[in-house]
Amino acid sequence: MSLHGEYDPDNIFAKILRGEIPSVKVWEDDHVLAFMDVFPQSEGHVLIIAKQSQARNLLEVEPDILARLTAALQRTAVAVERALKPDGIAVMQFNGDAGGQTVFHLHFHIIPRWADRPMKGHGHAPMAEAAALRPLADRIAAELA
Ligand code: AMP
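None of the values given here were measured: they were computed from a predicted structure.

(A) Representation of the site of the ligand. Surveying the vicinity of the ligand reveals 17 residues, the closest of which are Asp 37, Thr 102, Val 103, His 109 and His 122. In the environment of the ligand, an oxygen atom lies 3.3 Å from a nitrogen or oxygen atom belonging to the backbone of Gly 100. Interatomic distance of 2.8 Å between a side-chain N/O atom of His 109 and an oxygen atom of the ligand. If you list the elements that add at least two residues to the shell around the ligand, you get α1 (12-17), β2 (32-36) and β5 (107-113). With three residues, α1 is the single largest residue contributor to the shell around the ligand. When the residues that make up the shell around the ligand are grouped by side-chain class, the tally is ten nonpolar, six polar and one charged.

What follows is the structure in structure tokens.
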């Protein structure tokens, strides 16, 4: 899908927001949902999405919603660092299929990195069980300020 076009209300994240498919939630408020990536590129890979926007990518998002998303991104990244003690954290965000995007509801990736552990490739990580993700989500949520 290109950078331009219509929002698909049946994309995976829209279905998660409507509760039509499950997710492993870290936290949410009226505006933002943070949940575990089910194909984690490293342990503790979290996604941040807006609830009140149909922006498919960074180019389209309303500035006030972007401000809420980035505040949520920082809050969650701090909690990830406290919970999992990575050596670094990669924040990623892809736009358009040529840009690496596969789900066309704007989102940010928080990917903890360890110096001695290679990160799995984007779109090449195996699926994780919810039972394995839930304890990680709980540990991160417990560190939210
Ligand atoms: P992107 O390629 O930047 O659009 O990222 C989409 C992300 O969504 C990928 O990292 C996928 O692993 C992740 N993903 C796809 N389906 C699900 C799902 N049902 N629950 C959680 N994460 C998902």
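(B) View of the packing of helix α2 (residues 63-84) against helix α3 (residues 130-141). It is the contact of α2 with α3, at a shortest axis distance of 8 Å, that shows an interaxial angle of 110 degrees. Between α2 and α3, the interaxial angle falls into the category roughly perpendicular. Where α2 approaches α3, its residues Thr 76, Ala 79, Val 80, Ala 83 and Leu 84 are matched on the opposing element by Leu 136, Arg 139 and Ile 140. Grouping the constituent residues of the contact of α2 with α3 by class yields six nonpolar, one polar and one charged.

(C) Representation of the sheet that holds strand β4 (residues 88-92) in the model. What the five strands build is an open sheet, ordered β1-β2-β3-β5-β4; its pairing is antiparallel. Both outer strands of the open sheet, β1 (25-28) and β4, are each paired with one neighbouring strand and no more. Each strand of the sheet is rotated relative to its neighbour by a mean of 20 degrees, with strand direction disregarded. Strand direction decides the pairing type here: β2 and strand β3 (residues 46-50), joined by five bridges, are antiparallel. Bridge pairing in β3 places Val 32 opposite Ala 50. α2 rests against β1, β2, β3, β4 and β5 of the sheet, and its axis sits at about 20 degrees to β5. Against the sheet, α3 makes contact with β1, β2 and β3, and its axis sits at roughly 35 degrees relative to β1, the strand it touches most.

Cut-offs used in this document
Residues numbered from 1 in each chain as written. Predicted model: local features only at pLDDT ≥ 70, side-chain atom pairs only at ≥ 80, totals over all residues. Heavy atoms only, no water. Near = heavy atom within 4 Å. Polar contact = N/O pair within 3.5 Å; in protein donor to acceptor, adjacent residues only side chain to side chain. Helix = DSSP H or I, 4+ residues; strand = E, 2+ residues; numbered from the N terminus. Nonpolar A, V, L, I, M, F, W, Y, C, P; charged D, E, K, R; others polar. Axes fitted to C-alpha atoms, helices over the stretch in contact; angles between N-to-C directions. Parallel < 35°, antiparallel > 145°, perpendicular 65-115°, else oblique. Contact = heavy atoms within 4.5 Å. Pairing = 2+ DSSP bridges.

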